[in-house]
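# Understanding the architecture of this molecule
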Amino acid sequence: MSTIHWTEGHTHRSARWHSENAAPLPQRIVVADDRTKAKDAYRQACEGTALLWQGDFHNARRLLRAMSRRIDRKPPRSTTSPSDAFHLHRRNSSHRARVLGKLLVLLDGDYTLALRRAPDVRQACREAYGPAKGPMAVSLRELLGVIGAHQWRVKGVEVPALGTRVHPHYGVFAPTRGEYVDLVAHAPLPPATRRSPATSTAFDLGTGTGVLAAVLARRGINRVVATDISPRALPCARDNVRRLALTDRIEVSGPGLFPEGRADLIVCNPPWLPARPTSPIEQGVYDPDSTMLHSFLAGLPAHLRPGGEGWLILSDLAEHLGLRTRQQLLDTFQAARLRVADKIDVKPRHPRSKDVTDPLHTARSAETTSLWRLITTA
């Protein structure tokens with residue numbers, strides 16, 4: 001267990017250190033409160049000093065925003081290469097997370113946040129961290145993410161393809177981009193599935209909230225097995241399957257990628273960008289070396305029934321950023337003995353695709369999300 005140590009007056013104190021992003025244990029900690037100036041907090045954070053906040057909760061949020069504005073004052077370095085722009089953007093994001101992550105708060109033994117005007121964060125923390133194990137220090141930035149995730153879990157995310165909401169848990173990618181859900185909701189089902197839906201089986205690999213498994217079940221597929229390697233995703237998917245009254249049609253299995261057996265339809269929406277995630281939620285977007293993509297394609301032939309299809313839902317953003325070429329993707333299909341039966345495209349509707357201030361705007365504005373219908377060649 002990692003423990004942080006600090007001094008208040010002449011009293012030495014300590015608490016357990018926790019970081020979902022695996023941020024290193026702060027080596028130097030000073031106490032900060034409502035008298036702390038943003039310029040001093042920013043300077044100390046840049047130098048590697050953590051600030052343990054003991055003032056008003058809303059003032060802590062204001063300080064965090066003020067520190068963020070100071071980071072933004074430094075204009076980004078101009079680049080000509082899309083891949084350089086992406087890597088620079090990732091470095092800047094990492095720097096931002098490192099600096100802003102130096103503003104800490106202390107959670108009591110039952111996850112109470114004992115600051116003036118602080119909200120009750122106990123339930124949100126139990127959902128994200130599990131049962132309390134004594135006083136714990138976390139970054140305010142992470143705690144705000146935990147609070148936001150709890151609100152999303154309570155309110156849910158509207159999914160038009162289902163006509164209802166799904167409820168993401170902390171650390172599980174929320175289906176806020178409806179393009180990939182709509183693709184699965186409207187793509188033609190494999191012929192064998194259409195002929196005999198009562199005996200059909202589908203696998204949803206990397207199910208996350210379980211949204212695609214639910215779409216497949218609502219389309220009439222008799223049995224859907226939903227898998228995920230994330231220990232956070234499995235209870236989230238089970239929760240949503242229960243809420244949608246689909247427990248008799250959907251089995252949530254894992255952790256793992258492929259379940260046992262074969263299916264008429266195997267669907268996978270892997271992370272789209274071959275890069276290292278820096279937080280649990282980023283695992284839905286970034287995957288070093290496209291490991292999940294390659295594992296899905298390599299294992300597909302052995303798990304498809306005769307006449308079955310694999311549906312790969314993938315954005316070409318990586319191609320526009322120079323992180324992967326279309327030919328590399330096609331070569332991976334060929335190496336796995338797969339042939340493209342069809343490809344259905346959709347343009348993004350999310351706000352970032354139209355945000356001209358986004359450093360990756362050129363690539364995002366050209367992005368297309370595709371559903372590749374893959375069949376075996378042997």
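So, here's what we can say about the structure. In this text the structure is predicted, and so the values were computed from the model without any measurement.

### Quick notes on the overall build of the chain
Secondary structure summary: the chain contains 13 helices and 15 strands in total. Relative to a compact globule of 378 residues, whose C-alpha radius of gyration would be 21 Å, the chain shows 23 Å and is just as compact. Put simply, the chain has 378 residues, and 50% of those count as buried. By sequence separation, contacts in the chain at least 24 residues apart represent 67% of the contacts at least 6 residues apart. When the accessible surface of the chain is summed, it comes to about 18200 Å², and 51% of that surface belongs to carbon and sulfur atoms. Counting 54 positive and 36 negative side-chain charges, the chain places the centres of these two groups 3 Å from one another.

### Observations concerning the packing of helix α4 (residues 122-129) against helix α5 (residues 140-155)
Following both chains from N to C, one finds α4 and α5 inclined at 95 degrees, their axes separated by 9 Å at the closest point. If you check the angle between α4 and α5, you find them roughly perpendicular. Across the interface between the two elements, Gln123, Ala124, Cys125, Glu127, Ala128 and Tyr129 from α4 touch Glu142, Leu143, Val146, Ile147, His150 and Arg153 from α5. The residue inventory of the contact of α4 with α5, partitioned by class, reads 7 nonpolar, 2 polar and 3 charged.

### Description of the sheet that holds strand β12 (residues 263-268)
Read from one edge of the open sheet, 7 strands run β11-β10-β9-β12-β13-β15-β14, paired in mixed fashion. On the outer flanks of this sheet lie β11 (250-253) and β14 (338-346), each paired with one strand and no other. Neighbouring strand axes in the sheet, compared pairwise and without regard to direction, differ in orientation by 20 degrees on average. Sheet topology places strand β9 (residues 201-205) next to strand β10 (residues 223-227); 5 bridges connect them, and they run parallel.

### Thoughts on the pairing of strand β2 (residues 11-17)
As judged from the 6 bridges shared by strand β1 (residues 3-8) and β2, these two strands associate in the antiparallel manner. Within β2, the residue paired with Thr3 across the bridge is Arg16. Between β1 and β2, which pair antiparallel in sequence order, lie 2 residues; one of them, Gly9, sits at a positive phi of approximately 65 degrees. In this sheet, strand β6 (residues 136-139) lies alongside β2 in parallel orientation, the contact comprising 2 bridges. What sits directly across from Arg16, in β6, is Met136.

Conventions adopted
- Residues numbered from 1 in each chain as written.
- Predicted model: local features only at pLDDT ≥ 70, side-chain atom pairs only at ≥ 80, totals over all residues.
- Heavy atoms only, no water.
- Helix = DSSP H or I, 4+ residues; strand = E, 2+ residues; numbered from the N terminus.
- Rg over C-alpha atoms; globule rule 2.2 N^0.38 Å.
- Buried < 20%, exposed > 50% of the residue type's maximum accessible area, 1.4 Å probe, protein only.
- Contact = heavy atoms within 4.5 Å.
- Areas by Shrake-Rupley, 256 points an atom, 1.4 Å probe, with all protein chains shown as cover.
- Lys, Arg positive; Asp, Glu negative; His and termini not counted.
- Charge placed at Lys NZ, Arg CZ, Asp CG, Glu CD.
- Axes fitted to C-alpha atoms, helices over the stretch in contact; angles between N-to-C directions.
- Parallel < 35°, antiparallel > 145°, perpendicular 65-115°, else oblique.
- Nonpolar A, V, L, I, M, F, W, Y, C, P; charged D, E, K, R; others polar.
- Pairing = 2+ DSSP bridges.

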